[in-house]
Amino acid sequence: MKKILTGVKPTGDQMHLGNLLGAVLPFKWIAEKNDAAIFIADLHALTSVKSAENLRRNTHEMALTYFSIFGIDTPVHIFRQSDIPLIPKLNWILNNVTPYSLMLRAHSFKDSEAKWLDLNMGVFNYPILMAADILAYDTDIVPVGADQRQHLEMTRDIAKAFNKTYKADIFKLPVEYIEPSVATLPGIDGRKMSKSYGNFIGLFDDDKTLKKKVMSIVTDSKGVDDVKNPDECNVFALIQTFATSDRTESIRAKYLSPGYGYGHAKLELLDILTEYLKPYHENRAMLERNPELIEARLQEGARIMNARIEAKMEEVKKVVGL
Ligand code: ADP
Ligand code: TRP
């Protein structure tokens, strides 16, 4: 069993079907077979979220989203970063073995600088806090998006620098896992589904929003009696992704015969998506009625992870002289 850990920043973005299929469900499958944890990186969010109300709301939304997907009884430890008080302490210790020159090379910092975003020291130190998150629990594997690759390289550099400085094998060198993107889910305009294009279907869109979005999926202008090519149709691409293979094949046959229009296909897709999303919506509704269940599981996650970091910090303090 490997130790697997990932973090998600509570920035307030809604989760969409592309994120679910391309990142969250693949993580869930690996996580359930290993010793895995996922945390809400609320300390990291402080670099950009400057309203208490927003941060609390986003953090709660994130917890609600993950427990709705994983199930409230998930074996995966889900916790809040700020519930681990030793993280900032480890962060400080790691600051002192991290070369300034390494930090200057960080893409995250250079991007913010180039875009004239708020360049605070949190943005600069971000990768060292991330290294603390990962090294604290002897993590083997860190599933992340491709944009985080450099942060994992920096984490290894920082771990090596610490081990070398104190001539002790304290930190394990973690590796990133970047999910190979087999298929990109199209959005309602046919481009890659993405929050930045505003073309996404949200995991928790309500019935009315879902219907509106599905009915507005872009198609060509073939009429009901024209034969259509399912493999060139955005509606069919979504059907194929979410329907059973039997249902997909029966819809494929309808595309190839007259009397079946895109409106029909969209209504079938709406039905398919409603069915597919139902368990997630039900879980969410149950958790909205019982928010104390979420809090209890977050506390339990924190208790387990605190025990791990406390053990690691004993080793760290011993070699550094604290
Ligand atoms: P967005 O494009 O909405 O900003 P992100 O870049 O935050 O999404 O994506 C987070 C993760 O979700 C990515 O690492 C990728 O694996 C997955 N993902 C996002 N959009 C899609 C998509 N359209 N199809 C498949 N996977 C996606
Ligand atoms: N930097 C990550 C992101 O923006 C979030 C994150 C913080 C993280 N700490 C982490 C991811 C530790 C993995 C492991 O997506």
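Details of the structure are given in the entry above.
Residues numbered from 1 in each chain as written. Chains lettered and ligands numbered in written order. Predicted model: local features only at pLDDT ≥ 70, side-chain atom pairs only at ≥ 80, totals over all residues. Heavy atoms only, no water.

1. Considering the site of ligand 1
Point 1. Close to ligand 1 lie 13 residues; His16, Leu185, Met193, Ser194 and Lys195 are nearest.
Point 2. A distance of 2.9 Å separates a nitrogen atom of ligand 1 from a polar backbone atom of Met193.
Point 3. A distance of 2.6 Å separates an oxygen atom of ligand 1 from a polar atom in the backbone of Lys195.
Point 4. Its free accessible area being 540 Å², ligand 1 has 71% of it covered by the protein chains. (Near = heavy atom within 4 Å. Polar contact = N/O pair within 3.5 Å; in protein donor to acceptor, adjacent residues only side chain to side chain. Areas by Shrake-Rupley, 256 points an atom, 1.4 Å probe, with all protein chains shown as cover.)

2. Some thoughts on the packing of helix H3 (residues 52-70) against helix H13 (residues 291-320)
Point 1. Two numbers describe how H3 lies on H13: the axes approach to 11 Å, and their chain directions differ by 90°. In terms of their interaxial angle, H3 and H13 are classed as roughly perpendicular. Where H3 abuts H13, its residues His60, Ala63, Leu64 and Phe67 lie against Ile294, Arg297 and Leu298. (Axes fitted to C-alpha atoms, helices over the stretch in contact; angles between N-to-C directions. Helix = DSSP H or I, 4+ residues; strand = E, 2+ residues; numbered from the N terminus. Parallel < 35°, antiparallel > 145°, perpendicular 65-115°, else oblique. Contact = heavy atoms within 4.5 Å.)

3. Structural notes on unusual backbone geometry
Point 1. Residues other than glycine seldom take positive phi values, yet Asp138 does so here, at roughly 55°.
Point 2. As for its position among the elements, Asp138 is in the loop between helix H7 (121-135) and strand E4 (141-143).
Point 3. A relative accessible area of 24% places Asp138 in the partly exposed class.
Point 4. Phi at Lys167 takes a positive value of approximately 45°, unusual for a residue other than glycine.
Point 5. The topology assignment puts Lys167 in the loop between helix H8 (149-165) and strand E5 (175-177).
Point 6. Given the relative accessible area of 76%, Lys167 is considered exposed. (Buried < 20%, exposed > 50% of the residue type's maximum accessible area, 1.4 Å probe, protein only.)

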